[in-house]
Amino acid sequence: MKLTAIAGVVAGVVSFIPQSTLALPQDVNEADVNQQETVMETITVVAHRQPRQLSEVAGTVSIISEEDLQRNLVINAADLVRYQPGVDLDDDNSRFGNSGFRIRGIGGNRTAVVIDQVPVADHFSVGSYSNTGRGLLELGLASRVEILRGPASTMYGSKALGGVVAVHLLDAQDVLRDGKRGSRLQGGLHSDSHRANITGATAFADGGTSLLLAGALQYGEDVRSADLSAEKRDAQHRRQQAILLRAATDTQFGEWQFTLDALNESRDTDIQSIIGSGRLAATTSLIGDDSRQQHRLLGELDMAPLGWVDRGSWRIYYQASEIEQDSFEQRMLLPEPLDIERLFDFEQVTAGVGADLESDAYIAGTRHRIGYGFEVASSTLEDQRDAAQTNLTTGVTTKTLLGETFPLRDFPRSRVTELGIYIHDEFELWNDGPVISPGLRYEHYRLRTQDDALFAERYPDSEVTDLTHDAWLPKLGVIWSVTNNSEWFAQYARGYRAPPFSDVNIGLYYPQFNVLAIANPDLKAERGYAFETGFRGRDTDSSWSLTAYHNRYSEFIQSRASLGFDPVRQLLIFQSINREKVVIEGIEGNWEQRWNSSWSTAITAEYSRGEDRESGRDIADVAPPRVIAELQYQSSTWDTRLIATAVRGQRELFDESDAPLFSTPGYATIDWLSSWYLNDDLNVTVGLFNLTDRKYWRNARVSGLSENDPSLPVLAEAGRSIGFAAYYRF
């Protein structure tokens with residue numbers, strides 16, 4: 001009843017406006033209005049969930065177009081953000097792949113990743129043998145990517161505390177050539193980890209109906225590393241496939257589009273870098289055999305104007321992800337050698353429905369663009385770990401390792417239900433005055449555990465809890481045109497992240513080490529408060545922007561923090577807890593200049609710093625200052641670019657026990673990319689990367705690791721490498 005009532009409130013906010021006010025008044029020239037809305041600028045959707053020119057957004061958005069994907073030789077997610085300041089890929093291991101994007105120092109499940117407005121599956125990890133990653137294989141079928149920096153929970157809900165990465169997949173219009181049919185084929189190679197990909201698509205159209213068929217294949221071997229001769233180098237074979245089927249048809253209600261896409265990935269890893277050290281001192285072999293399967297059904301309606309709704313879209317979707325990870329370990333240096341097999345399964349099934357609508361209204365002579373919508377999603381989550389240990393001397397097999405008896409679950413079967421309802425407005429205070437864009441979202445989060453005999457059997461003394469959270473998430477933006485081609489903007493936005501299922505209820509008990517993890521029914525939601533202001537402008541030959549931001553985060557969740565020794569239970573107790581306050585602030589700048597018809601330059605720079613105000617320590621996840629400079633020569637048939645990246649060394653970092661962490665040293669790299677446009681249908685791109693063969697580390701791959709971590713050599717970036725890609729349309 002509570003949710004129904006709130007939905008009614010939002011409906012009432014719009015419906016109370018007389019229908020006559022939602023249409024353009026007769027004395028307003030519609031052509032003039034349309035002309036104002038068709039300024040030659042890049043269009044973005046991610047900021048307002050409706051098309052906007054970048055100059056109309058009170059915030060910072062990056063657009064990576066299909067041309068950028070081709071010219072930058074983008075094969076995987078790391079390639080995607082190679083030249084994006086303030087954005088990194090979370091990829092802190094050589095086995096499991098990435099766990100998401102890090103925007104202005106906030107990553108993992110705190111940054112939303114949506115594909116055609118559908119959120120990707122959550123990231124979950126426990127221990128050294130289980131890490132779901134987040135896939136993102138769809139990049140081979142992407143037509144463009146948009147990145148919204150900073151808290152965006154007002155528009156995207158709980159998982160947008162750090163920002164949003166929105167991937168748009170191909171549709172038939174991207175492939176059609178003559179309005180009736182078209183095909184495309186593209187392939188690429190990259191020597192850094194022997195990567196290769198091929199993508200094909202074909203589309204047909206007849207009247208208002210279209211069909212798209214597309215597929216992508218990727219292959220890679222070895223882990224990208226600067227030290228390819230290292231004795232302990234992890235070897236990996238990766239195979240990835242993705243298919244996309246889309247059908248669309250025009251009706252009196254608008255355009256219906258139906259999508260089916262499926263993904264499959266397998267990784268076989270021979271892990272050498274960490275064996276022989278720490279608790280793996282007696283290990284002589286560790287093999288990982290990992291796979292991910294995912295499929296999604298999506299129905300969308302890009303609706304025609306109806307009543308007081310001028311534009312909008314509806315969607316309903318079903319998404320299922322399954323991750324299976326097998327680990328095979330041999331400890332042949334023990335007096336009695338052991339053979340250990342571990343199995344990890346994680347499943348997440350999500351069904352959801354949502355709408356993003358917009359109405360134009362003239363109220364008291366002022367035009368308002370009122371956006372409103374909702375999203376309801378329900379997810380079931382389940383994991384299971386299994387293991388068996390065989391004594392190779394006695395031949396005895398046991399299902400008990402380190403005091404844990406398998407199979408077991410790390411959390412009880414759970415269902416998470418999320419509801420978000422939002423409304424926002426855009427209006428000009430006075431003629432040629434500032435444009436104000438207030439917004440508000442109601443977010444409801446409910447976690448319910450399900451009956452789980454296996455969890456109860458393995459952890460009879462663990463308390464589990466259900467959880468309900470509600471939040472109101474406001475934002476306020478302002479844009480004020482300084483000239484016809486420049487504007488000042490500022491915004492305040494509230495971020496929010498509900499306590500994850502894996503932190504609220506956790507099952508972990510190592511009797512051999514007297515260790516117990518307990519649930520925390522009082523865990524609070526994480527909250528962010530973002531303040532951002534900037535100035536930007538553009539003319540026929542140049543564009544520029546300068547942005548400053550100050551983000552405060554409170555109640556940060558620290559997973560499985562040590563609470564110390566409990567003398568009553570005689571156990572070392574761990575529990576997920578809230579930390580007080582984290583501050584991340586910085587400056588980002590961009591300048592692009594075309595000097596003449598052939599030569600142009602571009603410079604982007606970022607400076608950011610994060611501090612835990614409770615301890616005074618620097619935040620390891622915040623990247624050090626970086627400058628990216630590009631020099632380009634362009635003609636009608638080819639272009640070439642030199643791109644230099646310079647990064648300052650990171651400050652000294654320490655963990656909570658004041659032990660030193662690895663601080664990435666400074667570095668500079670130079671890339672050289674050239675493209676040839678052989679005709680209207682065929683182009684070729686070649687890239688030479690890290691020309692000086694510099695050994696360096698990206699902060700996002702190594703943040704939080706100790707300065708003596710044995711995996712550091714493997715996590716270094718690739719040395720000098722070459723990439724090649726060809727694109728053909730027919």
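Residues numbered from 1 in each chain as written. Predicted model: local features only at pLDDT ≥ 70, side-chain atom pairs only at ≥ 80, totals over all residues. Heavy atoms only, no water.

*Asks:* Teacher, can you tell me more about the overall build of the chain here?
*Replies:* Scanning the chain for helices and strands turns up 10 helices and 39 strands. The C-alpha atoms of the chain give a radius of gyration of 26 Å, which matches the 27 Å a tight globule of 730 residues would have. If you take every contact in the chain between residues at least 6 apart in sequence, the share linking residues at least 24 apart comes to 68%. A total accessible area of about 31,200 Å² is found for the chain, and carbon and sulfur atoms account for 55% of it. In the chain, the 69 positive side-chain charges and the 102 negative ones have mean positions that sit 2 Å from each other. (Helix = DSSP H or I, 4+ residues; strand = E, 2+ residues; numbered from the N terminus. Rg over C-alpha atoms; globule rule 2.2 N^0.38 Å. Contact = heavy atoms within 4.5 Å. Areas by Shrake-Rupley, 256 points an atom, 1.4 Å probe, with all protein chains shown as cover. Lys, Arg positive; Asp, Glu negative; His and termini not counted. Charge placed at Lys NZ, Arg CZ, Asp CG, Glu CD.)

*Asks:* It is not clear to me how the nonpolar core should be interpreted in this structure. Could you clarify?
*Replies:* If you look at soluble globular proteins, the nonpolar side chains tend to sit buried side by side. With 35 residues, the main nonpolar core has Leu80, Phe101, Val145, Ile147 and Leu212 as its most contacted residues. Other than its neighbours up to four places away in sequence, Ile147 contacts Thr60, Val61, Ser62, Ile64, Val81, Gln84, Val87, Ile103, Val164 and Val165. Judged by nonpolar contacts, the second largest core, of 20 residues, contains Ala471, Tyr496, Phe501 and Ala525. (Core = buried A, V, L, I, M, F, W, Y, C linked by side-chain atoms within 4.5 Å. Buried < 20%, exposed > 50% of the residue type's maximum accessible area, 1.4 Å probe, protein only.)

*Asks:* Would you mind showing me how to read a negative patch on the surface here?
*Replies:* Together, Asp289, Glu322, Glu324 and Glu347 make up a negatively charged patch on the protein surface. Along the chain, the position of Glu322 falls in strand E16 (residues 311–331). (Patch = residues over 30% accessible without salt bridge, like charges linked within 9 Å, V, L, I, M, F, W, Y side chains within 5 Å. Salt bridge = Lys/Arg side-chain N within 4 Å of Asp/Glu carboxyl O.)

*Asks:* When you look at the packing of aromatic side chains in this model, what are you seeing that I'm missing?
*Replies:* One pair of aromatic rings is described through two measures. These are the centre distance and the angle between the planes. For the structure shown, the criterion picks out 16 aromatic pairs. Members of the aromatic cluster, connected to one another through ring pairs, are Phe124, Phe344, Phe346 and Phe411. We note Arg49 situated over the ring of Tyr156; from NZ or CZ to the ring centre the distance is 4.3 Å. In this structure, Arg342 packs its charged tip against the face of Tyr129, placed 4.0 Å from the ring centre. (Phe/Tyr/Trp six-rings, centres within 6.5 Å; stacked < 30°, edge-to-face > 60°. Lys NZ or Arg CZ within 6 Å of the ring centre and 35° of its normal.)

*Asks:* Could you clarify how one ought to interpret the environment of Ser273 in this entry?
*Replies:* Following the sequence through the fold, Ser273 ends up in the loop between strand E14 (254–270) and strand E15 (285–303). Here Ser273 falls in the buried class, since its relative accessible area comes to 7%.

*Asks:* Explain the pattern of salt bridges to me, please; I cannot follow it from the model alone.
*Replies:* Opposite charge on two side chains permits them to pair, given that their charged atoms come into close proximity. Using the criterion set out here, one finds 53 salt bridges in the structure. One salt bridge connects Glu56 with Arg369, and the closest N-O pair in it is separated by 2.9 Å. Here the residue Glu56 occupies a position in the loop between strand E2 (52–53) and strand E3 (61–64), and Arg369 occupies one in strand E18 (residues 366–391), the gap between them amounting to 313 residues. The class of Glu56 is partly exposed, set by a relative accessible area of 23%. Take Arg369: its relative accessible area is 13%, and that puts it in the buried class. Close ionic contact of Arg102 with Asp90 constitutes a salt bridge, the shortest N to O distance being 2.5 Å. Placement of the pair is Arg102 in strand E5 (residues 100–103) and Asp90 in strand E4 (residues 87–90), with a sequence separation of 12 residues. On the accessibility criterion, Asp90 (7% relative accessible area) is buried. A single network of salt bridges, built from pairs that share partners, joins Arg52, Glu56, Arg311, Glu358, Asp360, Arg367, Arg369 and Glu426.

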